[in-house]
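# Summary of the model geometry
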Amino acid sequence: MTLTPKSRSMRAKFGDAAMVVATLSAVLLLLLALALLLGDVAVHAHEKLSWTFLSKSPEDGMMAGGIFPAILGTAMLVLLMTAISVPIGVATAIYLHEYARADALWTRAVRMAVQNLAGVPSIVFGLFGLGFFVQFVGGGLDKALHDGKLVWGQPGLLWAALTLATLTLPTTIVATEEALRQIPAAQREAAYALATSRFEVVFRLLVPQAMPGILTGGILAVSRGAGEVAPILFTGAAYFLPELPKSLDSQFMHLGYHVYVMATQSADVDASTPILYATVAVLLGLTFTLNLAAVVVRARIRAA
Amino acid sequence: MSTQNSIPMPLQHIASRPRRELPEDTQVPTRGLPIRQPPKWHAPLEWLVRAMAMIAVLAIVLIFGFLVKSALPMWTSAEVRKEVTQAQMWFATLWPGYDTPQNVWQPVSEIPKFGLWPLVTGTLKSTIVSMAIAGPLGVAAAVFVAFYARGRTQEILKPTLELLAGIPSVVLGFFALISLATWLQDTFGFDSRLNAIVSGVALSLAIVPVVFTISEEAIRAVPATYVEASTALGAAKWQTILKVVLPTAAPGIASAIALGFGRAVGETMIVLMASGNAAITSWNPADSVRTLSATVASELGEVVFGSAHYAVLFYLGLLLFVFTSVLNLLGGRVIDAQKAKVKSR
């Protein structure tokens, strides 16, 4: 069959229109889903969300008061996690990009490990945290320091933070390496030509320039860490605690864990739903603000 | 080799250039400028960087090691083997009180039964539902953003869609449990409110950003010359997309799907909250299901340390770890090859 020029252009037009409609509707559907979710949360959350809700401890078996301990617990957990994971992540990225030879076997092994770590299911981190940190390291510490008395060999803040730090390590590594990659090689060559040592090149020249990228990675890691629940199920989170966490071996309350337990195990669904929505709003507010901050920092880097 | 190593990595391309032979009577200066010695404290810090770079490898090895170690009693301990064998886990067994051999998951009963098929079919069902939604949606959205969106629209659309990735999975699970399940039940009249379709739909929202981001990169990596050549030959835009761009980007898109699939299989909180958690073997997606990951999450809290059940839950973790690692390595390899291709251009 031969097509006249006219019918060919008709076919092109029709085909293009169909393509635009198909792909655009996919985009719109996703935006709609996002809007529905955010709208649903926003509509239901506002009746409960207030300053008291953010600043008070729960009362009446969670049905009154606020969620301050959960906010504080989440913040403590995430801060501790960042303090552990960011230095390791930055050092790994520096090693991969500035120290290691790209084709060496060991370098490839490190890269493969990072890639692999990024894909490990979060519940497996939970298993690992319980088996390794809580029972092996914690239990070992107790045997060595406390004559077998249970101090470290049970779920606690430090173990949860270490588990989450392992989970978020790839985020920081990838972001830092990306930032290092964007620094022109000519700068390194100029510095080395001036007899600058590698250490000075890395820490005086490259790291300061990569700082916004490192910051982006850190923010994304925090956002990811704040939202993950599966890894902390068995490593330190608790549904209700009468006191705020006092030390690294205390258990803690957590926004995400709170949502999970309350949504699945609450006896009075009608009473708990508004509290749940408000808690979800706080959690979403936290992670979205962090993600937005990362987007802005990244846009600034690209613009510069 | 030793001179090569003493030259900093970023300069090695210069060092590897062929050396020019100097004429024999050249006067080589014996003393140049004095070279400044770096302070002594630099060296230990450099070793610290090297040591910290090992932690990622150490973590993977430890994760694998501890999963294996905790699951090992299934093979080594006679006591555990009395309660569970590989044959009972993977094949139908004639249990006392049953008429026919069956594969059931009842870890906490008088005779504990650790049949994995209910969990495997449950995982597959909600994963397949989620991939059936997230795959086409993610790829189509990637085509739109890469080909039809322009300027500002593109700049805003991409981060907005990636914002989906920033929603914690517990929030998606909550949304599915409270709102989505009701909407879907009102629309389709499901018998059980929480089922594989509900969890699959919620799961797809978590997977879409993965599929979208990676396929968009793959589409972008298709050389502009291909598109130009196709257009010059008179192909319409849609023909170029379907016959030139997508086939060229196919390996990248396949790895996007593979990585998304890996995420879907391992995702825990969504299925834990929205799948109904009933360990039934059936292929009807409107039945409640229980997945491998949700089983670990809901049962590990009450299990006795060192029991058969404990070992089996770590064995499930090991299965998840190995499965996602294989998908990840395959997917990652394709993406790396694609990146190398783009770089060499």
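Quick notes on the rules
- Residues numbered from 1 in each chain as written.
- Chains lettered and ligands numbered in written order.
- Predicted model: local features only at pLDDT ≥ 70, side-chain atom pairs only at ≥ 80, totals over all residues.
- Helix = DSSP H or I, 4+ residues; strand = E, 2+ residues; numbered from the N terminus.
- Rg over C-alpha atoms; globule rule 2.2 N^0.38 Å.
- Contact = placed C-beta atoms within 7 Å.
- Buried ≥ 20, exposed ≤ 12 C-beta atoms within 10 Å, placed from the backbone.
- Axes fitted to C-alpha atoms, helices over the stretch in contact; angles between N-to-C directions.
- Parallel < 35°, antiparallel > 145°, perpendicular 65-115°, else oblique.
- Left-handed = near helix turned anticlockwise from the far one by under 90°.
- Nonpolar A, V, L, I, M, F, W, Y, C, P; charged D, E, K, R; others polar.
- Core = buried A, V, L, I, M, F, W, Y, C linked by C-beta atoms within 7 Å.
- pLDDT = per-residue confidence, 0-100.
- Expected span 1.5 Å × (residues − 1).
- Bend = angle between axes of the 7 residues up to and from the residue.

### A short note on the overall build of chain A
- Helix and strand counts for chain A come out as ten helices and two strands.
- In chain A, the succession of helices and strands from N to C terminus is α-α-β-β-α-α-α-α-α-α-α-α.
- Rg of the C-alpha trace for chain A: 25 Å, well past the compact-globule value of 19 Å for 304 residues, more than 25% over.
- Overall size of chain A, expressed as C-alpha extent along the three principal axes, is 80 × 60 × 40 Å.
- In chain A, the proportion of contacts linking residues at least 24 apart, taken out of those at least 6 apart, comes to 75%.

### Comments concerning the overall build of chain B
- A count of helical and extended segments in chain B gives 16 helices and two strands.
- Here the C-alpha radius of gyration of chain B, 28 Å, is well above what a compact globule of 345 residues would show, namely 20 Å.
- Viewed in the frame of its principal axes, chain B has a C-alpha envelope of about 100 × 65 × 30 Å.
- By the burial criterion, 44% of the 345 residues in chain B qualify as buried.
- Contacts spanning at least 24 positions in sequence make up 74% of the contacts within chain B whose residues lie at least 6 apart.

### Description of the packing of helix α10 (residues 269-303) of chain A against helix α10 (residues 169-188) of chain B
- With their axes 11 Å apart at the nearest point, α10 of chain A and α10 of chain B run at an angle of 150 degrees to one another. By the angle between their axes, α10 of chain A is roughly antiparallel relative to α10 of chain B. When the axes of α10 of chain A and α10 of chain B are compared, the crossing they make is left-handed. Across the interface between the two elements, Thr273, Leu276, Val280, Leu283 and Leu284 of chain A of α10 of chain A pack against Val171, Phe174 and Ile178 of chain B of α10 of chain B.
- Taken together, the residues of the contact of α10 of chain A with α10 of chain B break down into seven nonpolar, one polar and no charged.

### Some remarks on the nonpolar core
- If you look at the biggest cluster of nonpolar residues, it comprises 189 residues, and the most contacted ones within it are Val280 of chain A together with Ala141, Phe174, Ala176 and Ala202 of chain B.
- The leading source of residues in this core is helix α11 (residues 196-220) of chain B, at 16 residues.
- In contact with valine 280 of chain A, not counting residues within four places along its chain, are Val41, Ala45 and Val259 of chain A together with Val171 and Phe174 of chain B.

### Quick notes on the interface of chain A and chain B
- Taken together, the 75 residues of chain A in the interface contact 73 residues of chain B.
- For the side of chain A that touches chain B, the element with the most residues is helix α1 (residues 5-45) of chain A, which contributes 18 residues.

### Overview of the environment of threonine 107 of chain A
- Within the secondary structure layout, threonine 107 of chain A lies in helix α4 (residues 105-119).
- In contact with threonine 107 of chain A, not counting residues within four places along its chain, are Leu96, Ala100, Arg101 and Ala102 of chain A.

### Digging into the environment of leucine 292 of chain B
All names here are of chain B.
- If you trace the backbone, leucine 292 turns up in helix α15 (residues 292-299).
- Linking leucine 292 and isoleucine 253, residues 39 residues apart in sequence, is a C-alpha distance of 26 Å.
- Setting aside residues no more than four positions away along its own chain, leucine 292 makes contact with Leu119, Thr123, Leu316, Leu319 and Leu320.

### Some words on the confidence of the model for chain A
- Mean pLDDT over chain A works out to 87, with 97% of the residues at or above the 70 mark.
- Within chain A, helix α6 (residues 157-181) of chain A carries the highest mean pLDDT (93), whereas strand β2 (residues 64-65) of chain A carries the lowest (76).

### Observations regarding helix α9 (residues 255-265) of chain A
- Counting buried positions along α9 of chain A yields eight of eleven residues, so the element is predominantly enclosed.
- Of the positions making up α9 of chain A, those classed as buried are Leu255, Gly256, Tyr257, His258, Val259, Tyr260, Met262 and Ala263 of chain A.
- The inward-facing, buried residues of α9 of chain A abut α3 (68-99), α8 (198-227) and α10 of chain A together with α10 and α14 (269-274) of chain B.

### Remarks on α11 of chain B
Residue and element names in this part refer to chain B.
- The terminal C-alpha atoms of α11 lie 34 Å apart, and with 25 residues this matches the ideal 36 Å at 1.5 Å per residue to within 8%.
- The axis of α11 is deflected most strongly, by about 35 degrees, at isoleucine 207, and proline proline 209 appears within four residues downstream.
- Summarising burial for α11: 22 of the 25 residues are buried, a large majority.

### Some thoughts on the confidence of the model for chain B
- Scored by pLDDT, chain B has a mean of 86; 92% of the residues are at 70 or more.
- No element of chain B has a lower mean pLDDT than helix α1 (residues 2-6) of chain B, at 50, and none a higher one than helix α4 (residues 55-71) of chain B, at 94.

### Things to note about the packing of α3 of chain A against α8 of chain A
Residue and element names in this part refer to chain A.
- With their axes 9 Å apart at the nearest point, α3 and α8 run at an angle of 140 degrees to one another. When the axes of α3 and α8 are compared, the pair comes out oblique. As for how α3 packs across α8, the hand of that crossing is right-handed. In this structure, α3 uses Thr74, Val78, Met81, Thr82, Ser85, Val86, Gly89, Val90, Ile94 and Glu98 to contact α8, whose residues at the interface are Val202, Leu206, Ile214, Gly217, Gly218, Ala221, Val222, Gly225 and Ala226.
- Within the contact of α3 with α8, the residues separate by chemical class into eleven nonpolar, seven polar and one charged.

### Here we look at the environment of asparagine 277 of chain B
All names here are of chain B.
- Here asparagine 277 shows up in the loop between α14 and α15.
- A residue is classified by how many C-beta atoms lie within 10 Å of it, and asparagine 277, with 20 of them, is buried.
- Considering only alpha carbons, one finds asparagine 277 and glutamate 299, 22 residues apart in sequence, at a separation of 11 Å.
- Contact partners of asparagine 277, with chain neighbours within four places excluded, come to Ser288, Arg290, Ala294 and Ser298.

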